[in-house]
Amino acid sequence: MAGTVTEPTARTVTTLADGRELIYYDSGEAVPRDAVDRRPLDPPAYGSQVRLDPATGAWVTIAAHRQARTYQPPAQECPLCPSRDGRLSEIPAADYQVAVFENRFPSLAGPAGQAETAGDGPWTAAPGGGRCEVVCFTADHDASFADLDEPRARLVLDAWTDRTAELSALPGVRQVYCFENRGAEIGVTLAHPHGQIYALPFTTPRTAAMVRQAARHRAAAGRNLFDDLLAAERAHPERVVAVGEHWTAFVPFAARWPYEVHLYPHRRVPDLTALDEGQREEFPRLYLDLLRRFDRLFPAGRTPYISAWHQAPVDQRGELALHLELFTIRRTADKLKYLAGVESGMDAFVNDVSPEQAAHRLREIAP
């Protein structure tokens, strides 16, 4: 065991049978974590590569080894449940609050390398260095993030923050991305409530576009783009969904998805590590409120969604504002928003629900 940290969140570090790191997070004092991973695992074999698209300048990750990853196992074989009754999982302990471990089938792993010319064409590639982690929100297989109480949601926030700090410091990491996919419709391969964290060796295309747009706005207006965006939405609240002392949630003016909400802290920060205690204390209430509204959108409940933290690149912290984007691909009770020809082919979104209509609907179904 590598050690523990007990204030304000207990952090216990250990390793799995194949050498991957596992971290338990507990509220209050550390809980003894003596369980050992007894599975006969071979050392993980990685081999991903990142390739630069010469036509767009965007990096694409090639990770062919992930074809063999676990896919929708039955609940009794879930690898994210605690190890119990002789069934061994990725979590050796018989119970846990929040657990984070290195993905067994990562898109990115190992040290980042230098980009080099590949072949005699206009091609550039580099080793797929970085790190991919799994964040288990609860030991309860049948729960969802929306079922958590505020202290547990705060513990997840503390885990996201801790991982952002550590992963941002790894050599070659350019951006840390914390996210959750929920629902088979989204493409989730494990039903247990969990999210992921990617430590990327490049800046993602969407973030790069935001950085460019923020620079243009600064040059034209002399102010920060995201400060102005949040102020405008708060001043014209037809798309505002929920407001707290430290955070505001709103449907963006040019929403791409049928129901899409952005959650911004009032005091601009570049990433999770820079949030103050007031922002941290209030976040669980507002975030759980939004997730529960999403589950009220349609009669079946458990609305499929993606929840994505947008954090500034580690070397471009000046202009981009930390915010969370929450959206669903469901547009009606029995229809999904498929990314068809114009979206998938041209990255030009067509939204079937007006942002103002979506905001009104989300306001009226408050828990």
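Notes on the structure in this doc start here. (Residues numbered from 1 in each chain as written. Predicted model: local features only at pLDDT ≥ 70, side-chain atom pairs only at ≥ 80, totals over all residues. Heavy atoms only, no water.)

The next subject is the overall build of the protein. A count of helical and extended segments in the protein gives 6 helices and 18 strands. Expected size for 367 residues packed as a compact globule is a radius of gyration near 21 Å; at 21 Å, the protein falls within 12% of this value. Each principal axis of the C-alpha distribution contributes one length, and for the protein these read about 60 × 55 × 40 Å. Across the 367 residues of the protein, 50% fall into the buried class. When contacts within the protein are restricted to residue pairs at least 6 apart in sequence, long-range pairs at least 24 apart make up 64% of them. Split by element, the accessible area of the protein, about 16900 Å² in all, is 52% carbon and sulfur. (Helix = DSSP H or I, 4+ residues; strand = E, 2+ residues; numbered from the N terminus. Rg over C-alpha atoms; globule rule 2.2 N^0.38 Å. Buried < 20%, exposed > 50% of the residue type's maximum accessible area, 1.4 Å probe, protein only. Contact = heavy atoms within 4.5 Å. Areas by Shrake-Rupley, 256 points an atom, 1.4 Å probe, with all protein chains shown as cover.)

To continue, consider the packing of helix α1 (residues 150-168) against helix α4 (residues 277-295). Look at α1 against α4: their axes get within 9 Å of each other, and the N-to-C directions meet at 120°. Accordingly, the angle class assigned to the pair α1 and α4 is oblique. Seen along the crossing, α1 lies across α4 with a hand that is right-handed. Of the residues in α4, those touching α1 at Glu150, Ala153, Arg154, Leu157, Trp160 and Thr161 are Glu277, Arg280, Glu281, Phe283, Pro284, Arg285, Tyr287 and Leu288. A per-class count over the contact of α1 with α4 returns 7 nonpolar, 1 polar and 6 charged. (Axes fitted to C-alpha atoms, helices over the stretch in contact; angles between N-to-C directions. Parallel < 35°, antiparallel > 145°, perpendicular 65-115°, else oblique. Left-handed = near helix turned anticlockwise from the far one by under 90°. Nonpolar A, V, L, I, M, F, W, Y, C, P; charged D, E, K, R; others polar.)

Oppositely charged side chains can pair when the atoms bearing their charge come close. Counting across every chain of the model gives 34 salt bridges. A salt bridge links Glu90 to Arg20; the nearest nitrogen and oxygen atoms lie 2.8 Å apart. Of this pair, Glu90 sits in the loop between β5 (59-62) and β6 (98-102) while Arg20 is found in the loop between β2 (9-15) and β3 (21-27), placing the two residues 70 residues apart along the sequence. Neither residue differs from the other here; Glu90 and Arg20 are each classed as buried. The closest approach of N and O atoms between Glu282 and Arg285, which form a salt bridge, is 3.5 Å. (Salt bridge = Lys/Arg side-chain N within 4 Å of Asp/Glu carboxyl O.)

Sheets are built from strands paired through backbone hydrogen bonds, the pairs being either parallel or antiparallel. Read across the sheet, 4 strands follow the order β5-β4-β8-β7 without closing on themselves; strand pairing throughout is antiparallel. Unpaired on one side and paired on the other, β5 and β7 (116-117) mark the two borders of the sheet. Of the pairings in the sheet, the one linking strand β4 (residues 49-52) to strand β8 (residues 124-127) comprises 4 bridges and is antiparallel in character. Looking at the pairing, Leu52 lines up with Thr124 of β8. (Pairing = 2+ DSSP bridges.)

At a minimum axis distance of 8 Å, the contact between helix α2 (residues 205-221) and helix α3 (residues 225-235) shows a crossing angle of 85°. As the angle between them shows, α2 and α3 are arranged roughly perpendicular. Where α2 abuts α3, its residues Met210, Gln213, Ala214 and His217 lie against Leu225, Phe226 and Asp228.

Now for the pairing of β2. For β2, the tally of buried residues reaches 6 of 7 residues, placing the bulk of the element in the interior. Judged from the 7 bridges that link them, β2 and β3 form a sheet pairing that is antiparallel. Bridged to Thr15 within β3 is Glu21.

A few words now on a nonpolar patch on the surface. The grouping of Val342, Met346 and Val350 at the surface amounts to a nonpolar patch, some 290 Å² of accessible area in total. Note that Met346 resides in helix α5 (residues 341-346). Its relative accessible area of 66% is what places Met346 among the exposed residues. (Patch = residues over 30% accessible without salt bridge, like charges linked within 9 Å, V, L, I, M, F, W, Y side chains within 5 Å.)

Quick look at the packing of aromatic side chains now. What the rule picks out here adds up to 17 aromatic pairs. Centre to centre, the rings of Phe145 and Tyr287 are 5.2 Å apart; their planes meet at 75°, and the pair counts as edge-to-face. Of this pair, Phe145 sits in the loop between β9 (131-136) and α1 while Tyr287 sits in helix α4, placing them 142 residues apart in sequence. Like Phe145, the residue Tyr287 is buried in the burial classification. (Phe/Tyr/Trp six-rings, centres within 6.5 Å; stacked < 30°, edge-to-face > 60°.)

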